[in-house]
Amino acid sequence: MDTLLSLLVNGLATGMLLFLLASGLTLIFGLMSVLNFSHGGLFAWGAYSGVWLYQMTDSFLIAVIGAVLIGMLLGFIIERIVIRPVYNNHVSQILVTLGLMLVLSELLKVFWSPNPLNAVAPTFLQGSFELGGVIFIKYRLFIIAVGIIALVGLHWMLSRTKLGLIVRAGVMNKEMVQALGIPIQRVFTFVFMLGAGLAALGGALLAPYSGVIFAEMGMQFAIQSFIVVVIGGMGSIKGSALASVLVGLSGAFMAYYVPDLSLAVNMLLMVIVLLVKPSGLFGAKG
């Protein structure tokens, strides 16, 4: 039972990190119909920025907030310069953003180092505690809590605010929203910045979780986030949340019980879901 609970917490923590990355990705695709393969690069930049700011300020809060702001700034620049010229052209989006992913990874080596960097959790989140005979690692529980807060916040924004109403309306009919005098391009930019900020937040939280970060980590997590988005359904936040948990738990349990299948289980899960429901768990039917 102790092992099962430990794997459950570990899988949920991994799932919440994937959710932070995938939720921004699914928001960007759902509203803007943009396939942004550079999203993993923003995740890596969040990790490096968080580690650097923590070393500079010795404040984990400042490091996380700073990483999110850097991610949003990068998102603003990318949307303005890279994404706008390739709206409504998925082939160009894939090519351009894949190239941008490589550029972002190489820039990390230029600004910091080509060598992996070590990262540690703040003192108050280090260690573990025992509850009912089960040992819980503080930082993993912290990640789960942040992921839940992000999920609740996104759901509230999309369902309870005027901005959320505009975003949801823009997903269904962009032309009608623009005809009503709403500056849909500004909404596009904000959504892209929000998605980039969520990716950077995930990266900043991942660094102490993994202990080591490296420039090429963005590609690895970008692939996993696309798997999550496909499983959950394009444009669905709740789908991304459920798919992130499924991917995180399946990876954790397989890595412990059947290590040889730990890398393939996510692809297998995606294939099964697509065979049963091609649009994803919560995706709209095509």
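Q: Break down the overall build of the chain for me, with residues and values.
A: A tally of helices and strands in the chain yields eleven helices and four strands. For the chain, whose C-alpha radius of gyration is 19 Å, the value lies close to the compact-globule estimate of 19 Å for 286 residues. Long-range contacts, defined as pairs at least 24 residues apart, comprise 77% of the intrachain contacts of the chain with a sequence gap of at least 6. Of the roughly 13,700 Å² that the chain leaves accessible, carbon and sulfur atoms contribute 71%. The distance from the centre of the 13 positive side-chain charges to the centre of the 8 negative ones in the chain is 18 Å.

Q: Can you lay out the packing of helix α5 (residues 138-160) against helix α8 (residues 184-210) for me, pointing to particular residues and giving the numbers?
A: Geometry of a packed helix pair, given as the angle between the helix axes and the separation of the axes. Here α5 crosses α8 at 170°, and the two axes come no closer than 10 Å. Regarding the angle of α5 to α8, the classification is roughly antiparallel. Two secondary-structure elements touch here, α5 through Y139, R140, F142, I143, V146, L154 and M157 and α8 through F190, L194, L198, L201, A204, L205, P208 and Y209. Of the residues that constitute the contact of α5 with α8, the class distribution is 14 nonpolar, no polar and one charged.

Q: I'd like a description of the nonpolar core, backed by residues and values.
A: One finds I78, L205 and M217 to be the most contacted residues of the largest nonpolar core, which totals 83 residues. If you tally residues by element for this core, the top one is helix α1 (residues 2-32), at 14 residues.

Q: Which residues make up empty space enclosed by the protein, and what values go with them?
A: Taken as a whole, this structure holds one cavity of 30 Å³ or more when the rule is applied. By volume, the largest cavity is sized at about 30 Å³. Residue lining of the largest cavity: L25, F29, V34, L35, N36, F226, V229 and M234, and that is the complete set. Those elements giving two or more residues to the lining of the largest cavity turn out to be α1 and α9 (217-232). Its residues assigned to classes, the lining of the largest cavity shows seven nonpolar, one polar and no charged.

Q: Go over unusual backbone geometry, please, and point to the residues and values.
A: Positive phi, close to 60°, is recorded for D58, a residue that is not glycine. Within the secondary structure, D58 sits in the loop between α2 (39-57) and α3 (60-83).

Each value, and the rule that gives it
Residues numbered from 1 in each chain as written. Predicted model: local features only at pLDDT ≥ 70, side-chain atom pairs only at ≥ 80, totals over all residues. Heavy atoms only, no water. Helix = DSSP H or I, 4+ residues; strand = E, 2+ residues; numbered from the N terminus. Rg over C-alpha atoms; globule rule 2.2 N^0.38 Å. Contact = heavy atoms within 4.5 Å. Areas by Shrake-Rupley, 256 points an atom, 1.4 Å probe, with all protein chains shown as cover. Lys, Arg positive; Asp, Glu negative; His and termini not counted. Charge placed at Lys NZ, Arg CZ, Asp CG, Glu CD. Axes fitted to C-alpha atoms, helices over the stretch in contact; angles between N-to-C directions. Parallel < 35°, antiparallel > 145°, perpendicular 65-115°, else oblique. Nonpolar A, V, L, I, M, F, W, Y, C, P; charged D, E, K, R; others polar. Core = buried A, V, L, I, M, F, W, Y, C linked by side-chain atoms within 4.5 Å. Buried < 20%, exposed > 50% of the residue type's maximum accessible area, 1.4 Å probe, protein only. 1 Å grid on protein atoms, 1.4 Å probe; cavity = no way out; pocket = protein on both sides within 12 Å on 5 of 7 lines; lining within 4 Å. Points joined across faces, edges and corners; volume = space filled by probe spheres on them.

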